[in-house]
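# Architecture at a glance
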Amino acid sequence: MTSLSIEGLSKNFGGLQALHDLSLEIQPGERRAIIGPNGAGKTTLFHLIGGQLSPSSGRISLFGREVTKLPPFRRAALGLARTFQIITLFLDLTVMENMLLAVQALDSVRFVLYRPLTGYRNIVSQARSLLEQWNLWEKRRTLVRHLSYGEQRQLEILLAVAQMPRVLLLDEPTAGLSPVETQQVVAMIQHLDPSITVLLIEHDMDVAFQVAQQITVLHNGRLLADGPPEAIRKDSTVAEIYLGVE
Amino acid sequence: MSGIGLALGLIVLAIIVRLLPTYYIGLLTEALILGIFAMGLDLLLGHTGLPSLGHSAYFGAAGYTMAILSLRLQQSSWVSASAGLVVSLIIAAIYGLLALRTSGVYFMMITLALAQVLWGIAFGWRSMTGGDDGLPGIARPELRALFPWSLQPPANFFTAVLIIFVIVVAALYVLVRSPFGYTLHGIRESEARMACLGYHVWWHKYVAVLIAGGVAGIAGILFVYYHGFVSPAELSLVLSAEGLLMVILGGSGTLFGPALGAIVVVFLRNLISAYTERWLLILGLIYLLVVLCAPNGIVGAIRARLPGWLDREAEA
Amino acid sequence: MDFWIVQTLNGISFGMLLFLLAAGLSLVFGLMRIVNLAHGSFYLLGAYIGFTVIGRTGSFLLAVVVVPLGIAGLGLLMHRFLLRRFQGAELSQVLLTFGALFIFADVSLWYWGGYSQVLPKPAFLAGSLTIGTIVFPAYRIFVIVTGVVVALLSWLVLERTALGSMVRAGVDDEEMVRGLGINTPRLFTAVFALGAFLAALSGVIGGPFVGAYPGADFDVLLLALVVVIIGGLGSIGGAFVGSLLVGLIDTLGRALVPELAMFTIFAPMAIILALRPRGLFGRI
C-alpha cells in the first residue's frame, strides 16, 4: 500500500491554475524531494496534502484512506506531520512548552483539566529526550522568539517528529540557513526513523540529492519529471528550466 | 509558596478585614467579586486569545436568573443560585456556538452585539425584569450547612466571598497548568500550528468559553447577593469594559493580574465617584492612557523585569 | 391593515436611517478592520449638536450641512492621532474606540443633561402625505429618499471612481494597495472621516423621530452592528439590505411585541451566524 497517493489533483485560485492534474504515488519509508522553480506549485501541493487548502479537483489518500475532505487536525491523527516555509512555532512560549504541546497532541492526556501537565512523566520525558537528542535541552526555558533562526528551524522539524508521524512533509527546511546549519538539518533528516515517509521541498539541490531516493520535478503546476537523483541530474528538460530561470 | 503559609496568610487577611470600617469591607468584597469576573474573562482573552467584549452577558444572566427565581418564584437560595449558574452556562453554550463561527475583530463585534441583546431584553421586558428599575430586595442566602454564620454582616459576607475567590483562583491555577491549559496557550499563539499538531481547536475554544461563562456567572450571583439588587447595569457594556480594563491593567494571561486590576479599578471608581459624577469620562480617559502607554498592564510590566516570578513554570 | 402598512413604511424609513449609520461602520471595518465602537457616538453627537444648532439658528438645512462636516472633522482627528498608529493591532484600536465611546457619552450627558431631545422638523417637511386611507409623515419620506440617494451615490463612487476602486481594492487586499504606491494611511483617515460624516448625518436626520437621549449611542451601535453582521462586512449592498431588514424587524417587532423587541433582533442575527457567518454579502 502506498503511504501517500495523489490522483488528478488540481487547484486553481480564481484564474490562476496552481496545480494541474497532478498524480503521485509515494511508498512507505520513501525519501522524496519535490523540486522546481518558484511558482511551480510545490507549496500549494503541500497545503493540499496538509489540508490547509482544498483542491479544486482530485483525491488525496493516506495509507489507502481518502483524506481529501479532512481538516488538518484529522490528518495529523492519521499520521501526517509538516513544517511550513514560514516558521510556524509558538514564539512566545518556551522551547519546552512548544515540545510538550507537540508531544501531548495525540495523547488522550490532552483533555485533562485538573492535573498539571508536568505531572505526566511519560510526556515530559518524551519531550526531554527529543530536545536532548538535538541539543535544545539547555535552551528549554528560552522563548522560541529568542532562538536563532537555525534553532527555530530545527525545533519546527522536531515538533513534527514529536507527533510520531508516518508521513512527514518538510517545506524548505534549510531555507535561510548557513552551510553548517544546513548540514545539521540534513543529518537530522537522515537520522529519522526509516519507516517514516519523508516528502521534502527543496531549492538547495545539494540537500535534495543528499537526502532523497526519488525526485519529483514540478513546473507550472505540472509534473515534469520523476525519478532517482542521477536520472534527474542528467535530464535535459530539467536542466533547461533551471538554467533558463537561474 | 507553601500551602500552609498561604492559608495562614488568608486567615490573617480575613481577620484584619473584619477590623476595617464597613465601607472598606464592602469595597474589598466588590473587588474580589469583580476579580472573579475578570479572571474568567482573562481565561478567554489572556489565555486563549479570544477577545470577548460581551462578558457581562454571563454575569448578568446568572444574577437575573437567581433574582427572578428567588423573588418572583420564591425558590430557595440553593435552587436560585444553582439555576443562575446553569443559565450562565446555557447562555455561554449558545453564544459560544454563534460567536466561534468567527474570529478576530469579527468575534469581538459579535460578542458585543450578543451581550447588548441580553441587556436590551433586561431593559425592555419590564414585567419580568423590572426594566430600568431592576429588581430590588434580594436577600442573602442562609446556607447553614456550608457556612454556619449569617451572611448579613459585611465581614461575614466578605469571608464567604474570600473563600469562593480562593477556590476559583485555585481552580484556575490547576486549569492553566493542566494539559488543557497548555492547549489554550498554544491556541492563543498559533491556531494553525495547533491544527497541524492534531488538536481540535474549535472544541477547546468552546470549552474555554463555557468555563469562562460559568466563572462570570458565579461572580454575577455573588454580586447580586452583595447588593441585594439587580439591574441592566449588570449586563451592560460598561461592565464588560470595566472587566476588560481590569484584565489589561492587571496584565492579561497571568493568574492574579486581573484580580489586582479589579482592586485598582474598584477603588479608583469609588474614589473618583466621591468627587465627581464623571466616572465614565475618567474610565474612557484611563482606557486611552492604558492603550497608549502601558499595553502590557501592571503585572506585565513587573513580569518584564522579573521573568519567571509570576510565570507559570514550564516543566519539572 | 393600514396600521401595518404604516408600520412597514416606518420600518423602511428607520432602515434607511440605519443604512446611513451602518454603511460607514461597514466600510471602516472592511477597509481597516477597525470596529469603531464610537460610531454610535457620532450619531449621538450629530443629533445633540444638530439640536443645538437648530435651536440657535432655526435652520435645519444649516444643521444638516454643518454638523456632519464638523463630526467628520472629529473623526479625522480621532483616526489621525489616536487610531492610525495602531493599524494592525486590532484589540488596541477597539479599546481606544471603547475609551472614545465613554468619553463622548459622558461629555454629552454633561453638556446636554439627561433629557431626551427630539429635534424639530423643518417646516417644509412637517406635513404628511395622504394616499388612499394612509397618512404618512412627509419627513419619513424625506428620510427614505435621502437613504436611497446616499446609497446610489456610494454605489456610484465605489464602482465608478478611482477613489472608489482604491477603497474596494483596499477591502480585498490592503497590502497590495499599499504596494501600488497608494497612500493607505491617508485613504484610511479619509474613509474614517466619511463614516463619521454619514453617522452624524443620520443623527441630524434621525433626530426628529428617533431623538437624542443618553444611551442612544449604545442603542444605535447595537443596531448598526446587527446590520453589519447580517449584511456582511465591507459591502455597501450588504449594509443596504441588512439595514432594511433590521429596520423592518425592529419596527414591526416593537409594534407586535413591545417588551420582547430584542428577541426579534436576536433571531435573524443568530440565524445568519449559524448559517452564513460572513453575512449575506460579506466580502471578508
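Residues numbered from 1 in each chain as written. Chains lettered and ligands numbered in written order. Predicted model: local features only at pLDDT ≥ 70, side-chain atom pairs only at ≥ 80, totals over all residues.

Further remarks concern the overall build of chain C. A count of helices and strands for chain C gives 11 helices and 2 strands. Against the 2.2 N^0.38 benchmark of 19 Å for 284 residues, chain C shows a C-alpha radius of gyration of 18 Å, consistent with a compact globule. Across the 284 residues that make up chain C, the buried fraction comes to 52%. Restricting the contact set of chain C to residue pairs at least 6 apart, pairs at least 24 apart contribute 78%. (Helix = DSSP H or I, 4+ residues; strand = E, 2+ residues; numbered from the N terminus. Rg over C-alpha atoms; globule rule 2.2 N^0.38 Å. Buried ≥ 20, exposed ≤ 12 C-beta atoms within 10 Å, placed from the backbone. Contact = placed C-beta atoms within 7 Å.)

Residues and elements named next belong to chain A. Read from one edge of the open sheet, 6 strands run β6-β7-β8-β3-β9-β10, paired in mixed fashion. Every other strand in the sheet has two partners, leaving β6 (80–82) and β10 (222–227) as the edge strands with one partner each. Averaged over all neighbouring strand pairs, the angle between strand axes comes to 20 degrees, with direction disregarded. Bridge count for strand β7 (residues 167–171) against strand β8 (residues 197–201) is 5 bridges, and the pairing is parallel. (Pairing = 2+ DSSP bridges. Axes fitted to C-alpha atoms, helices over the stretch in contact; angles between N-to-C directions.)

With that settled, consider the pairing of strand β2 (residues 16–26) of chain A. Residue and element names in this part refer to chain A. Note that strand β1 (residues 4–13) and β2 share 7 bridges and pair antiparallel. Each bridged residue has a counterpart across the sheet, and for I6 the counterpart in β2 is L24. Counting the residues that bridge the hairpin from β1 to β2 gives 2 residues, and of these G14 lies at a positive phi of roughly 60 degrees.

Residues other than glycine seldom take positive phi values, yet A:F63 does so here, at roughly 50 degrees. Residue position: A:F63 is located in the loop between β4 (57–62) and β5 (65–66). Under the C-beta neighbour-count criterion, A:F63 is labelled partly exposed, with 17 such atoms within 10 Å. In this structure, B:Q74 is a non-glycine residue whose phi angle is positive, near 50 degrees.

Residues spaced three or four apart along an α-helix point in a common direction, a consequence of the helix completing one turn every 3.6 residues. Taken across its 11 residues, helix α8 (residues 179–189) of chain B has 11 buried, putting it largely inside the fold. Those residues of α8(B) not exposed but buried are B:P179, B:F180, B:G181, B:Y182, B:T183, B:L184, B:H185, B:G186, B:I187, B:R188 and B:E189. Packing partners of the buried residues in α8(B) comprise α3 (95–104) of chain A together with α2 (22–48), α7 (154–177), α9 (191–197) and α10 (201–227) of chain B.

This part is about the sheet that holds β4(A). Residue and element names in this part refer to chain A. In space, the 4 strands of this open sheet follow the order β2-β1-β4-β5, with antiparallel pairing throughout. Since the sheet does not close on itself, it has two edges, and those belong to β2 and β5, each with one partner. Packing against the sheet, helix α1 (residues 42–50) makes contact with β1, β2 and β4, and its axis sits at approximately 65 degrees to β2.

A separate point is the interface of chain B and chain A. The partner chain A presents 36 residues to the 23 residues of chain B that form the contact. Among the secondary structure elements, those contributing two or more residues to the side of chain B that touches chain A are α7, α8 and α9 of chain B. Residues that form the side of chain B that touches chain A fall into these classes: 12 nonpolar, 7 polar and 4 charged. (Nonpolar A, V, L, I, M, F, W, Y, C, P; charged D, E, K, R; others polar.)

The subject of this paragraph is the interface of chain C and chain B. Frequently, the measure chosen for interface size is the accessible area that the parts lose on association. Facing 34 residues of chain C, the contacting portion of chain B comprises 31 residues. Elements that contribute at least two residues to the side of chain C that touches chain B include exactly α4 (90–112), α9 (216–231) and α11 (261–275) of chain C. Looking at the side of chain C that touches chain B residue by residue, the classes come out as 28 nonpolar, 2 polar and 4 charged.

Moving on: the nonpolar core. Grouped together as the largest cluster of nonpolar side chains are 275 residues, with contacts concentrated most on A:M99, B:A113, B:A219, C:A224, C:V226 and C:I229. With 16 residues, the top contributor of residues to this core is helix α1 (residues 2–32) of chain C. Residues in contact with B:A219, not counting those within four places in the same chain, are B:I33, B:L34, B:I36, B:F37, B:G40 and B:F59. (Core = buried A, V, L, I, M, F, W, Y, C linked by C-beta atoms within 7 Å.)

Glancing now at the packing of α3(A) against helix α4 (residues 121–133) of chain A. Residue and element names in this part refer to chain A. The geometry of α3 relative to α4 is characterised by a closest axis approach of 9 Å and an angle of 120 degrees between their N-to-C directions. The pairing of α3 with α4 is recorded here as oblique in orientation. Our pair here, α3 against α4, has a crossing hand that is right-handed. Between α3 and α4, the contacting residues are V95, M96, M99, L100, V103 and Q104 on the first element and I123, Q126, A127, L130 and L131 on the second. (Parallel < 35°, antiparallel > 145°, perpendicular 65-115°, else oblique. Left-handed = near helix turned anticlockwise from the far one by under 90°.)

Right, let's talk about the environment of A:F63 for a bit. Distance from A:F63 to A:L155, taken between C-alpha atoms, is 27 Å for residues 92 residues apart in sequence. Those residues within four positions of A:F63 in sequence are excluded, and the remaining contacts are A:M1, A:S3 and A:R166.

To continue, consider the packing of helix α11 (residues 237–250) of chain B against helix α12 (residues 257–275) of chain B. Packed helices, taken two at a time, are described by the angle between their axes plus the distance between the axes. Residues and elements named next belong to chain B. The geometry of α11 relative to α12 is characterised by a closest axis approach of 7 Å and an angle of 115 degrees between their N-to-C directions. Read as a crossing pair, α11 and α12 show a hand that is right-handed. Here α11 contributes E242, L245, M246, V247, L249 and G250 to the contact with α12, which in turn contributes G257, P258, A259, L260, G261, A262, V264 and V265. In terms of residue class, the contact of α11 with α12 is made up of 10 nonpolar, 3 polar and 1 charged.

For the rest of this paragraph, the subject is helix α5 (residues 149–162) of chain A. Residue and element names in this part refer to chain A. Under the 1.5 Å per step criterion, the end-to-end length of α5 is 20 Å for 14 residues, consistent within 8% with the ideal 20 Å. Counted residue by residue, α5 has 10 buried out of 14 residues, so it is predominantly covered. What α5 keeps buried is the set E151, R153, Q154, L155, E156, L158, L159, A160, V161 and A162. In this structure, the buried side of α5 is in contact with β6, α3, α4, β7 and α6 (179–190). Positive backbone phi, approximately 50 degrees, marks M164, located one or two places after α5. (Expected span 1.5 Å × (residues − 1).)

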